[in-house]
Structures are given as C-alpha cells and as structure tokens.
Amino acid sequence: MKNFILFVLLCLVCTYSFSQSSQSENYRLILKDNWTMQSAVSDASVGGQISNADFKTDKWYKVSVPTTVIAGLLANKVYDFDPFYGKNFEKLNDTRLDKPWWFRKEFKLPASENGKNVVLKLHGINYKANVWLNGKLIADSTQVIGPFRIIELDITKQVKYTGDNVLAIEVKRPFDPNKRGGDLAIDYADWIHYPPDFNNGIINNVEIKTYRKVGVEYPLVTTKFDLPLLTVAHLQVDAMTVNYSDKAEDAIVKGKINGNISFEQKVHLLPREKKQVTFSSVNYPQLNVKDPRIWWPWEYGKPELNRITLSLIHNGELSNELSENFGIRQVSSVLTDDNKARKFIINGKPIMLRGAAWSPDIFQRRSTERQEQEIKLVRDMNMNIVRSEGKLEDDGFYDMCDKYGLMVMTGWMCCGAWQYPEKWDAAKRSVAMASDSSVMYWLRNKPSMLTWLNGSDMPPRDKKVEADWLAIEADLKWPNPTIASANETPSKVSGSTGVKMAGPYDWVPPAYWESDTSKYGGAWSFATEISPGPAIPPYESLIKFIPKDSILNTSQDWLYHCGTMQFGNTKIFDTALYARYGKPASMKEYLARAQAQNYEGNRAMMEAYGLKKYNNATGVVQWMLSNPWPSLIWHTYDYYLYPAGTYFGMKKSMEPLHVMYSYKSNSVNIINSLLEKFSGLQVKATVYNLDGTLKYTKEALADVAEDGTNQCFILPQIDGLSDVYFLRLELKNAKGKVESINWYWLSGKKDDLNWKKSTWYYTPQSVFADYSALNKLSATTLDVQHSSSKTETKTTHKITVTNTGKSVAFFVHLRALNGKDGDDILPVIFSDNYLLLAPGESRVIDCIYENKDTGKAEPYILANGWNIDTVNSKTGGSVGFEK
C-alpha cells in the first residue's frame with residue numbers, strides 16, 4: 001500500500017511538472033509590463049535623469065516588452081488609420097524613427113533576493129543600446145548590440161535591494177540591414193516593404209536573475225540510441241556554470257530527470273569563469289534510460305516531453321535552480337550518393353520533410369494565442385516542418401513546436417548584411433560570433449530543432465566566418481545537423497549542402513514539378529524555399545486591406561500588397577490564369593478562378609515531392625506559410641488566418657495516407673507518410689465528362705510500405721472525353737473506411753514549359769492547358785444540411801453536402817459565419833473544402849472552431865460553388881448559399 005501511495009504521488013509530481021511552463025527557475029523576474037517609451041527627440045532628457053526614480057513619464061507611451069517602436073505606437077493608438085489598409089503603411093514614416101527611443105521600467109527586488117548577485121539579461125535589443133540603471137550608465141552601445149544576442153550584465157553593484165530600481169534603455173535603430181556592409185539586424189529582402197523603424201526596439205525578453213556568487217544555466221540533454229533499437233536512451237547532460245564573484249568558488253551541480261533520475265558533480269570555478277559541465281552516460285550509468293518516453297514528429301508518434309532540473313549548491317545553500325522540458329530524440333542526416341539531396345533521420349527513421357516558411361508579424365508583435373492558432377493550421381495541413389529564415393521567434397513559439405511535434409529549420413538570413421561577411425569590420429564580426437553563441441545556447445535543447453543553417457542564399461562568403469561558426473557550434477555541442485546554407489552551392493569549408501534554392505517563386509503549372517529532375521525546382525533534392533507564386537486571398541479578406549474600388553489586379557493598392565522587385569505584381573500568375581481558365585468578366589470570377597489555380601498548383605508541388613521521396617527528393621518548404629502583413633503572394637493562409645485554395649490544396653496533398661494522380665506518367669499512386677505499412681487498400685479511379693457522364697472506372701487492391709509509395713496503375717487512353725474532364729480518386733483501407741478522396745480537373749490540351757527561358761524565379765509556359773470549358777459547366781443542385789455539437793471551449797459542425805443534380809459540382813466552398821450576415825469565424829478548421837462531387841455523391845465535412853472566436857449571433861453555414869443552382873438547391877436551418 002505504501003508503495004502504491006508513493007507511486008501515485010510520483011505520478012502527480014510528474015504530471016504537475018510537465019503541465020507547468022516549459023522553463024522555470026527559483027528566481028526569474030521577466031520585465032514585461034508597465035514600461036514607458038518615448039522618442040529621444042520628443043524628450044531630450046539624458047540617461048542619468050531618465051533612470052532616476054523621480055523622473056516624470058506622464059507624457060510617455062505605456063508599453064509592454066517585447067515591442068518595437070511602431071508596435072508600441074500602434075498599441076497606444078497614436079495613428080488614426082489601419083497601417084495595412086491600402087497604402088497607409090507609407091503614413092508611418094516619421095523622422096523621429098531614425099533617432100534613438102527610450103524604454104524605461106521601474107522594478108523591485110523581493111526581500112528574499114537581498115545580498116545576492118543580480119544579473120540583467122537582455123535578449124533582443126534591435127539594434128544597439130545604452131543601458132542605464134539608477135542614474136548610472138552600466139553598458140554602452142558598443143557592448144549592447146545585435147538583436148540575436150543574449151547579453152548578461154552583472155548589476156550587483158548598481159541595483160537597490162530595497163525600494164524602486166529604474167532601468168532606462170536608449171535603443172538605436174539599425175541602418176541598412178538590407179545592404180552589404182549594413183547592420184546585422186532583421187532583413188526582409190523582397191518579401192515586403194520595410195517597416196520605417198526597421199524593427200527598432202526590444203524584440204525579446206528582458207529579465208532579472210539572482211545567484212549566490214555562482215550559477216548554472218543552459219541545460220542540454222542529448223540522446224544516443226543503439227539503433228535500430230529504441231529500448232535504451234543513452235543520455236548526456238551538459239550545462240554552463242558561471243562564477244559571478246572575484247574569487248575562486250567551489251560548488252556542486254545537481255540534476256534530476258523526470259524527478260527520479262539523480263546525478264551530481266563538483267565544480268571549481270576561477271574568478272568570473274564560465275565552465276561547461278558534462279554528465280555522460282558512461283560515467284553516470286543512471287543516464288542509460290530504459291523504455292524512454294521518446295519525442296517524435298507528430299506524424300510518426302507522440303512528441304513526448306521529459307523534464308530536467310539543475311541546481312547549483314554553494315556553501316550548502318541553493319544558489320539557483322532551473323527546470324525545462326526536453327525531448328529524448330536523435331537527429332542526423334546523410335547525403336545521397338550524388339551529394340544532391342540531404343535526407344534527415346530521426347530516431348533511426350528517415351523522414352520526408354514537407355512544410356512552409358514561418359514569418360513573424362512585420363512589427364514583431366507576438367502572442368501565444370496567435371502562435372498556437374498558426375501551429376494548429378500547420379498541423380491541419382499535415383505539414384511536419386517550418387523554416388524560419390533569420391526571423392527567430394520567442395520561447396513560446398519553440399515550446400509549442402516541441403509540444404505539437406513540429407520540426408523547425410532555422411538559421412541566418414539573406415540577402416543584405418548577413419550575406420556578405422567579407423564586408424564586416426572587426427566589431428560586426430564580433431557581433432556575428434556572439435550572436436551565433438547566444439542562439440546555440442538558447443535553442444540547442446529544443447527537441448523541435450531539426451537543423452541550423454549558417455547561411456541562407458549562399459554559404460558564408462568568408463571561409464573564416466563559417467569555420468568560426470562551426471567551431472562555436474561544435475564547442476557548444478549543437479546536437480543537430482548543421483548546413484552551410486539553404487542553397488545548393490557547396491561550401492569551401494563544409495562541402496555539399498544537400499539542399500537547393502533553385503526556385504520557382506512565381507507561377508508554374510502542375511506539370512512542372514515532375515518534369516524537372518535535375519536542374520531547377522522540380523521534385524528532387526531538398527528544396528528549402530519554393531513556390532508557385534501568388535496566393536490570392538478571397539474577397540472577404542481583400543476588403544480588409546484593399547479599398548473595394550481598388551480590388552483590381554492592376555490597381556496601385558493591389559500592387560502595393562504584392563512583394564517587391566520581381567514580385568511587385570501578379571502578372572505571371574494572371575497571364576496563366578487568363579490563358580488557362582479564360583479572361584474573367586469580373587473580379588468575382590477572377591477570385592474564384594484564382595482559388596482553383598492556387599489549389600491545383602500547390603497540391604501538385606507537394607504531391608510530386610511526396611511521390612519522389614527518398615528517390616532523390618528528401619524535403620520541400622513552401623515559400624511561405626504566412627505573410628508578415630496582408631499580402632497577395634506567398635502564403636498558405638492569409639494574414640487574417642483565412643484558409644483558401646492554396647491551404648486546401650496543400651492539406652489534400654499531404655494527407656497521411658493519400659491517393660494521387662501523376663501528371664507525368666498518367667498513373668494513380670499512393671503516398672504513405674506513416675510509420676505503418678498497409679495491406680489490402682482499395683483504390684478506385686473514376687473519370688467523368690464535363691456533362692457528368694461516367695466515362696471510365698477502375699478498381700484495384702494495393703499495399704504500401706511504411707513511409708512508402710506505390711504506383712497502383714496507369715490510366716489508359718479513354719475515347720470520347722470532353723475538352724475538360726474530371727478524375728476522381730478514392731482510397732479505402734482494408735476495412736472499407738475512406739482515407740482519401742482526391743479530384744482533378746484535366747484538359748486535353750496540356751501545359752508545357754519553355755525550359756530554355758527559365759530564370760531563377762520561374763519557368764515560362766510555352767503552352768497553356770485550357771480549362772475555359774469549366775465556365776460553361778451545367779448547373780447542378782445541392783442539398784446542404786448540418787448538425788452541431790458544443791463543448792465548453794469549441795463548436796463542431798457536421799456539414800452534409802449532397803449533389804442532387806446531374807453534373808459534377810465544382811469547387812464547392814463552405815464557410816462558417818458569425819450570424820447570417822456576419823464575418824467569417826476565424827481561425828476555423830474544415831476537414832476538407834473546395835469540394836468536387838459527382839452526381840449523387842454525398843460528403844460529410846467537419847467544421848471546428850473555438851467558441852472564443854465567435855460572436856453572439858447563431859453560427860451560419862454559407863456555401864458557394866462554380867455551377868450551383870441556388871434557387872433549386874436545398875438547405876437545412878442556419879445554412880444558405882452565397883448570392
């Protein structure tokens with residue numbers, strides 16, 4: 001009985017441990033709220049005055065940190081306009097933004113911290129700063145510089161252990177981060193217009209920590225398995241110990257894993273010394289963990305989290321203690337025989353990586369709610385990776401990726417100052433090295449971290465820089481693969497990258513992806529950024545950032561919300577749209593056809609890479625996941641979290657067990673993304689003419705290996721097809737459950753490409769497929785019914801859509817509204833959307849959203865499509881058709 005009680009108590013302790021914040025310490029004061037901010041132009045007071053307790057800030061702006069200057073001004077409603085609407089962004093220009101801005105915070109230390117060493121930790125000063133505390137300058141802008149650095153300042157001599165402390169940080173913006181020789185700050189390249197403050201401000205945490213002369217921080221737990229067995233995890237624990245005193249000190253580092261695996265080690269520290277301590281499984285047998293709880297990417301299993309606690313004991317007293325989550329997992333990579341593709345392996349299993357490029361808000365505004373909403377959308381699209389190009393996030397983001405089993409590729413950025421290290425002076429080189437060290441310490445224990453890139457569009461042009469970075473990464477025991485860049489150019493230091501950045505970034509047709517096998521962006525190697533270009537939002541989103549009378553693809557407002565340089569318009573996409581679907585008579589027609597073209601283009605890209613996985617294709621990252629502001633290009637869902645054609649094309653293509661059509665071989669194939677083999681699968685292909693008549697059907701049984709593919713059969717030549725016809729594919733498991741339904745619209749006239757005129761950003765078409773006959777598709781009727789269930793936190797609708805007519809129902813789009821005439825409920829998860837239904841076919845679609853995202857009105861389901869006879873169609877209650 002006693003043993004049972006102890007077991008229950010242990011379970012409760014473990015449950016509590018893993019339910020708390022990813023990181024915790026015995027004393028960690030995050031200075032988040034109740035800051036004030038003001039321009040040094042508007043208030044010319046000096047730091048000695050501002051950092052005194054009696055300084056008046058009644059005319060300053062109240063902000064929370066992290067914040068940029070513009071984010072702070074927006075939070076204070078300084079502007080009487082939406083900066084994202086039309087060209088309002090240009091109204092943000094202000095000469096004060098080129099000058100320093102002050103950030104001021106008053107704080108107290110609790111009595112329990114009296115007499116301890118006190119450290120101010122600055123993470124994310126963009127770009128440099130003078131730091132004042134209690135009337136004294138404690139660090140200047142030659143010391144505090146670089147947005148990716150973690151800077152620790154010992155403030156023991158300046159801090160007040162009783163009463164108010166006043167911290168004042170004079171932050172100076174970066175200049176020319178987008179140019180060679182500019183500051184090593186945040187660069188947006190050709191994505192968007194630059195914010196006029198260049199993200200000047202404090203973009204990550206400001207913290208106060210206390211120690212009894214010595215401290216321990218930055219734990220790292222690495223794993224080695226006896227692959228292919230996973231029954232024992234050989235763990236190694238590393239951490240950094242620090243002596244904050246001017247005398248040599250002795251201490252004991254103690255550790256616990258999951259509350260029941262203990263280890264300790266004595267450490268001797270010289271004055272002001274920083275020293276790594278290591279606990280290996282050879283010297284500490286208890287770190288050979290049997291039957292471990294393993295962290296897997298979500299498709300492969302549960303992303304189990306474990307917890308490590310480290311403490312430092314000095315003279316019999318606790319100096320500091322910290323705890324954080326970690327994952328028991330082992331990541332490696334190998335190059336294919338031709339060195340053109342890098343295959344990643346996790347826990348001994350190869351993994352085909354398909355995902356998209358993450359982007360933060362243009363003003364660096366973050367919330368855990370928004371991050372979780374977006375990560376749920378990533379998971380819903382069946383993606384397993386996001387790439388962050390030099391736009392590092394906060395702890396909350398990485399914690400959520402750890403929790404949801406989503407892998408992260410990250411590293412330094414293109415295309416300005418970071419890309420040209422040969423232009424750096426000694427000071428910038430120092431910033432670059434310190435930045436690398438900070439990031440390694442910060443991110444190395446995150447289980448979601450897959451790989452680090454020491455460059456983006458090319459390897460570091462200065463060999464010494466890459467060599468020095470690699471030395472830092474090795475010294476700090478970065479546990480994951482490191483790659484010279486996201487580009488295919490071999491490094492003169494580290495060799496082949498096994499990845500590529502060969503475009504396209506603008507529209508190419510579905511046939512592109514399987515046709516190119518060795519030179520451009522087709523389904524081979526690991527494409528780190530790639531896209532069929534514009535992603536046109538639906539009308540419901542467009543009216544939020546473009547005036548109604550400017551919703552034209554030639555208007556200045558439209559062009560302003562494209563990218564910049566080559567991507568400052570949608571001409572290439574539009575040319576293809578007009579040639580393939582016919583010139584629209586209205587913008588409503590344009591937007592409907594754009595969703596169809598976005599759907600087929602993005603689906604084909606992901607399907608092609610999935611079909612060729614491990615056959616010289618190892619990964620693909622869509623450029624991009626979302627936009628830093630409302631945009632017309634490069635996203636899977638828009639700034640308002642609206643999932644449209646691109647989103648559902650992506651989601652369809654990456655179903656865990658998926659049936660697809662090959663544009664190249666005219667074959668029907670299965671892609672299995674699970675660590676499970678399937679036998680007795682039922683594959684069915686059905687072909688319909690434009691008038692809805694059945695022209696061909698074939699059924700077959702098939703097997704597919706674990707994480708494998710299988711070509712089931714090749715479609716024959718079919719006589720009597722209409723100019724445009726439909727292919728319906730269905731996949732059932734051995735028990736008859738439908739796993740995948742996938743429709744294609746195909747043309748007798750095929751897309752063809754002019755490869756000789758390829759550029760770095762797209763390949764032009766020499767022939768366009770002709771889908772214009774879709775505009776003459778006979779009308780059909782639908783019956784749309786729904787039922788709802790509601791819990792305390794979310795609502796689920798089951799929407800039954802039945803085609804009661806004689807023609808194929810094309811591109812049926814379902815929406816969930818806040819009342820009959822309300823806005824869309826966002827974010828929202830539909831199990832499928834933009835449906836095609838054969839005559840007589842019925843589908844049940846789940847629609848799920850959080851109750852907090854709705855209004856008081858009764859939810860309303862709205863349907864539309866290309867060829868719906870809304871007059872004679874039927875609906876249940878709270879369902880209607882768009883006029």
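Here, residues in each chain are numbered from 1, in the same order as that chain's written sequence. In keeping with the predicted nature of the model, local features appear solely for residues at pLDDT of at least 70, side-chain atom pairs appear and are counted solely at 80 or more, and the whole-chain, interface and lining totals rest on all residues. In computing side-chain values, all of the structure's heavy atoms are included and hydrogens and water are not.

### Regarding the overall build of the chain
Phase 1: Only DSSP runs of H or I reaching four residues or more are called helices, and only runs of E reaching two or more are called strands; each is numbered from the N terminus. Looking only at helices and strands, one finds 13 helices and 50 strands in the chain.
Phase 2: Within these notes, the globule rule equals 2.2 Å times the number of residues to the 0.38 power, and the radius of gyration is based on C-alpha atoms. A compact globule built from 883 residues would reach a C-alpha radius of gyration of about 29 Å, and the chain, at 29 Å, matches this within 12%.
Phase 3: Overall, the chain is about 90 × 65 × 60 Å in size when its C-alpha atoms are taken along their principal axes.
Phase 4: Counting only residues that meet the buried cut, the chain has 62% of its 883 residues in that class.
Phase 5: Pairs of residues are marked as contacts when any of their non-hydrogen atoms sit within 4.5 Å. Considering only residue pairs separated by 6 or more positions, the chain has 72% of its internal contacts joining residues 24 or more positions apart.
Phase 6: Computed with the Shrake-Rupley method and a 1.4 Å probe, the accessible areas treat only the protein chains shown as cover for residues. With the model as given, the accessible surface of the chain reaches about 33,500 Å², and the carbon-plus-sulfur share is 50%.
Phase 7: The convention is simple: Lys and Arg are positive, Asp and Glu are negative, and His and the chain ends are not counted. Here the site of a charge means atom NZ of a Lys, CZ of an Arg, CG of an Asp or CD of a Glu. Taking the 103 positively charged and 99 negatively charged side chains of the chain as two groups, their mean positions are separated by 1 Å. For each residue, the accessible area found with a 1.4 Å probe, counting protein chains only, is set against the maximum for its type, and the residue is called buried under 20%, exposed over 50%, and partly exposed in between.

### Description of the confidence of the model for the chain
Phase 1: The predictor attaches a confidence to each residue, and that confidence, scored 0 to 100, is pLDDT. On average, the chain scores 95 in pLDDT, and the residues at 70 or more come to 98%.
Phase 2: Across residues 1–20, where pLDDT falls below 50, the model places nine contacts with residues more than four positions away in sequence or in other chains.

### Details of the pattern of salt bridges
Phase 1: Think of a salt bridge as a Lys or Arg side-chain nitrogen and an Asp or Glu carboxyl oxygen that are within 4 Å of each other. Scanning the model with the defined rule gives 43 salt bridges in all.
Phase 2: Glu-304 is the salt-bridge partner of Arg-293, the closest N and O atoms lying 3.6 Å from each other. Separated by eleven residues along the polypeptide, Arg-293 in the loop between β20 (288–290) and β21 (306–314) and Glu-304 in the loop between β20 and β21 bring together distant segments of the chain.
Phase 3: Judged by its relative accessible area of 31%, Arg-293 falls in the partly exposed class.
Phase 4: The class of Glu-304 is partly exposed, set by a relative accessible area of 26%.
Phase 5: When the shortest N-O distance is used, the salt bridge between Asp-824 and Arg-815 registers 2.7 Å. Across this residue pair, the class does not change: Asp-824 and Arg-815 are buried.
Phase 6: Counted as one network, the salt bridges with shared partners bring together Glu-25, Arg-28, Glu-207 and Lys-209.

### Overview of helix α7 (residues 463–475)
Phase 1: Taking 1.5 Å of rise per residue, 13 residues should cover 18 Å, and α7 covers 18 Å from first to last C-alpha, within 8% of that figure.
Phase 2: Within α7, burial applies to Val-465, Glu-466, Trp-469, Ile-472 and Glu-473. Taken down its axis, α7 places every buried residue within 120° of arc, on the same side. Opposite the buried face of α7, at more than 90 degrees from it, the exposed residues are Ala-474 and Asp-475.
Phase 3: Those residues of α7 that are buried are in contact with α6 (426–443), β29 (449–453) and β30 (482–483).
Phase 4: With its phi angle positive at about 60°, Lys-477 sits one or two positions after the end of α7. Any helix carries an expected span of 1.5 Å times its number of residues minus one. Note: the arc covers the axis-to-C-beta directions of the helix.

### Looking at the side chain of Asp-380
Phase 1: Looking at where Asp-380 falls in the secondary structure, it is placed in helix α4 (residues 368–380).
Phase 2: A 3.5 Å cut-off defines polar contacts: any pair of N or O atoms within that distance qualifies, except that in protein one atom must be a possible hydrogen donor and the other a possible acceptor, and neighbouring residues in sequence count only when both atoms are side-chain atoms. Side chain to side chain, Asp-380 and Tyr-647 meet in a polar contact 2.5 Å long.
Phase 3: Apart from the residues within four sequence positions on either side, Asp-380 is in contact with Tyr-647, Lys-651, Ile-829 and Phe-830.

### Details of the side chain of Asp-707
Phase 1: With respect to the secondary-structure elements, Asp-707 resides in the loop between β36 (694–704) and β37 (709–714).
Phase 2: On the basis of relative accessible area, Asp-707 is assigned to the buried category, the value being 8%.
Phase 3: Only 3.0 Å separates the side chain of Asp-707 from the side chain of Tyr-300, close enough to count as a polar contact.
Phase 4: A polar side-chain atom of Asp-707 sits 2.4 Å from a polar atom in the side chain of Tyr-614.
Phase 5: The residues touching Asp-707, leaving out its near neighbours within four places in the chain, are Tyr-300, Pro-350, Lys-613, Tyr-614, Asn-672, Ser-673 and Leu-674.

### Some details on the packing of α6 against α7
Phase 1: Direction vectors running N to C along α6 and α7 enclose 30°, while the axes themselves pass 9 Å from each other. Judged by the inter-axis angle, α6 sits roughly parallel to α7. Seen from above, α6 lies across α7 with right-handed handedness. On the side of α6, the interface is formed by Arg-429, Ala-432, Met-433, Asp-436, Ser-437 and Met-440, while α7 contributes Lys-464, Val-465, Asp-468, Trp-469, Ile-472 and Glu-473.
Phase 2: Here the residues of the contact of α6 with α7 are counted per class, giving six nonpolar, one polar and five charged. The axes are straight lines fitted to the C-alpha atoms, using for helices just the contacting stretch, and the angles between their N-to-C directions are given from 0 to 180°. We call two directions roughly parallel when the angle between them is under 35 degrees, roughly antiparallel when it is over 145, roughly perpendicular when it lies between 65 and 115, and oblique otherwise. Two helices cross in a left-handed way if the nearer one is turned anticlockwise from the farther one by less than a right angle. They cross in a right-handed way if the turn is clockwise. Put simply, Ala, Val, Leu, Ile, Met, Phe, Trp, Tyr, Cys and Pro go in the nonpolar bin, Asp, Glu, Lys and Arg in the charged bin, and everything else, Gly too, in the polar bin.

### Quick notes on the sheet that holds strand β23 (residues 331–335)
Phase 1: As summarised here, the arrangement of the three strands in space is β23-β24-β25, forming an open sheet in which the pairing is antiparallel. The open sheet has two free edges, formed respectively by β23 and β25 (349–351), since each of these has just one partner strand. Ignoring strand direction, the axes of neighbouring strands in this sheet form an average angle of 40°.
Phase 2: As defined by bridge partners, β23 adjoins strand β24 (residues 342–346) across five bridges and the pair is classed as antiparallel. In the sheet register, Ser-332 faces β24, and the bridge partner there is Ile-345. We call two strands paired when DSSP finds no fewer than two bridges between them.

### What to know about the packing of aromatic side chains
Phase 1: Between the rings of Phe, Tyr and Trp (Trp by its six-membered ring), a pair exists once the centres lie within 6.5 Å; its type follows the angle of the planes, with under 30 degrees stacked, over 60 edge-to-face, and the other angles tilted. This model, assessed by the stated rule, comprises 61 aromatic pairs.
Phase 2: Between the aromatic rings of Tyr-505 and Phe-567, the centroid separation amounts to 6.2 Å while the plane-to-plane angle is 55°, which identifies the pairing as tilted. Taken together, the residues span a long stretch of sequence, with Tyr-505 in the loop between β30 and α8 (512–515) and Phe-567 in the loop between α10 (556–560) and α11 (571–581) at a distance of 62 residues.
Phase 3: The buried category is assigned to Tyr-505, whose relative accessible area is 6%.
Phase 4: Whether a charge lies above a ring is judged from NZ of Lys or CZ of Arg, which has to be within 6 Å of the ring centre and within 35 degrees of the ring normal. Here the basic side chain of Lys-340 rests over the ring of Trp-524, its NZ or CZ set 5.9 Å away from the ring centre.
Phase 5: Positioned over the ring face of Phe-713 is Lys-698, at 5.3 Å from the centre of the ring.

### A word on the pairing of strand β27 (residues 385–389)
Regular strands place side chains that alternate from one sheet face to the opposite one.
Phase 1: Within β27, five of the five residues are buried, leaving the element largely enclosed by the surrounding structure.
Phase 2: Here β27 shows two buried faces, one formed by Ile-385, Arg-387 and Glu-389 and the other by Val-386 and Ser-388.
Phase 3: As paired elements, strand β26 (residues 353–357) and β27 share three bridges and run parallel to each other. The residue of β27 that forms the bridge with Ala-357 is Arg-387.
Phase 4: We call a crossover right-handed when, viewed with the strands running away from us, the connection from the first strand over the helix to the second turns clockwise. Taking the sense of rotation as the criterion, the β-α-β connection linking β26, α4 and β27 turns out right-handed.
Phase 5: Across five bridges, β27 lies against strand β28 (residues 407–411) in parallel orientation. Directly across from Arg-387, in β28, lies its bridge partner Met-409.
Phase 6: Taken together, β27, helix α5 (residues 395–404) and β28 constitute a β-α-β crossover, and its handedness is right-handed.

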